[in-house]
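Observations on chain architecture
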Amino acid sequence: MAIARGLANDPDIILADEPTGNLDTATGNNVIEILTALAHDEGKCVLMVTTSTRASWMYPTRAFSYERRAPETISPGQSREWR
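In this report, the structure presented in the accompanying data block is examined. This is a predicted model, so every value here is computed, not measured.

Reading the values: the criteria
Residues numbered from 1 in each chain as written. Predicted model: local features only at pLDDT ≥ 70, side-chain atom pairs only at ≥ 80, totals over all residues. Heavy atoms only, no water. Buried < 20%, exposed > 50% of the residue type's maximum accessible area, 1.4 Å probe, protein only. Helix = DSSP H or I, 4+ residues; strand = E, 2+ residues; numbered from the N terminus. Pairing = 2+ DSSP bridges. Patch = residues over 30% accessible without salt bridge, like charges linked within 9 Å, V, L, I, M, F, W, Y side chains within 5 Å. Areas by Shrake-Rupley, 256 points an atom, 1.4 Å probe, with all protein chains shown as cover. Salt bridge = Lys/Arg side-chain N within 4 Å of Asp/Glu carboxyl O. Polar contact = N/O pair within 3.5 Å; in protein donor to acceptor, adjacent residues only side chain to side chain.

A one-sided burial pattern is seen for strand β1 (residues 13–17), the buried positions being Ile14 and Ala16 and the unburied ones Ile13, Leu15 and Asp17. As defined by bridge partners, β1 adjoins strand β2 (residues 45–49) across five bridges and the pair is classed as parallel. Counterpart to Ile14 in the pairing with β2 is Val46.

Structural data, given as C-alpha cells:
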C-alpha cells in the first residue's frame, strides 16, 4: 500500500528505502521489476537504498558498498559480485 501511495502523484524521482524489506521473495521481485520498469519505460529516476544484496544486484546501474566506501558501476551482463 505504501508503494501505491508513493506512486499515486506520478513523481519524477522515486526514493525507495528498503522497498523489499518485509516482503516474500516473489513479491519483492515484483516490486523491483515495477521500479525498474518505471525507470526504463517511464524515464523516472529511482534511488533505492537496501541492505538486500538480492534486490540491489537485480537491476542496478550504480551500486555502492559501505564496506569498500567506493561506488561501483555495474553494467548489464557484468558480474554482480563486489570486487
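Moving on to a nonpolar patch on the surface. Residues Ile13, Leu15 and Leu47 make up a contiguous nonpolar surface patch of roughly 340 Å² in combined accessible area. Within the secondary structure layout, Ile13 lies in strand β1.

A word on the environment of Thr50. By the element assignment, Thr50 lies in the loop between β2 and α3 (53–58). C-alpha of Thr50 to C-alpha of Asp17: the two residues are 33 residues apart in sequence and 6.4 Å apart in space. At 3.3 Å, the side chain of Thr50 forms a polar contact with the side chain of Glu18.

What follows concerns the pattern of salt bridges. Under the defined criterion, the tally for this structure stands at two salt bridges. Put simply, Asp10 and Lys44 hold a salt bridge, and the shortest N to O gap is 2.8 Å. Residue Asp10 is located in the loop between α1 (2–7) and β1, and its partner Lys44 is located in the loop between α2 (25–42) and β2; the two are separated by 34 residues in the primary sequence. By relative accessible area, Lys44 is classed as buried at 10%. Taken together, the salt bridges that share partners define one network made up of Asp10, Asp12 and Lys44.

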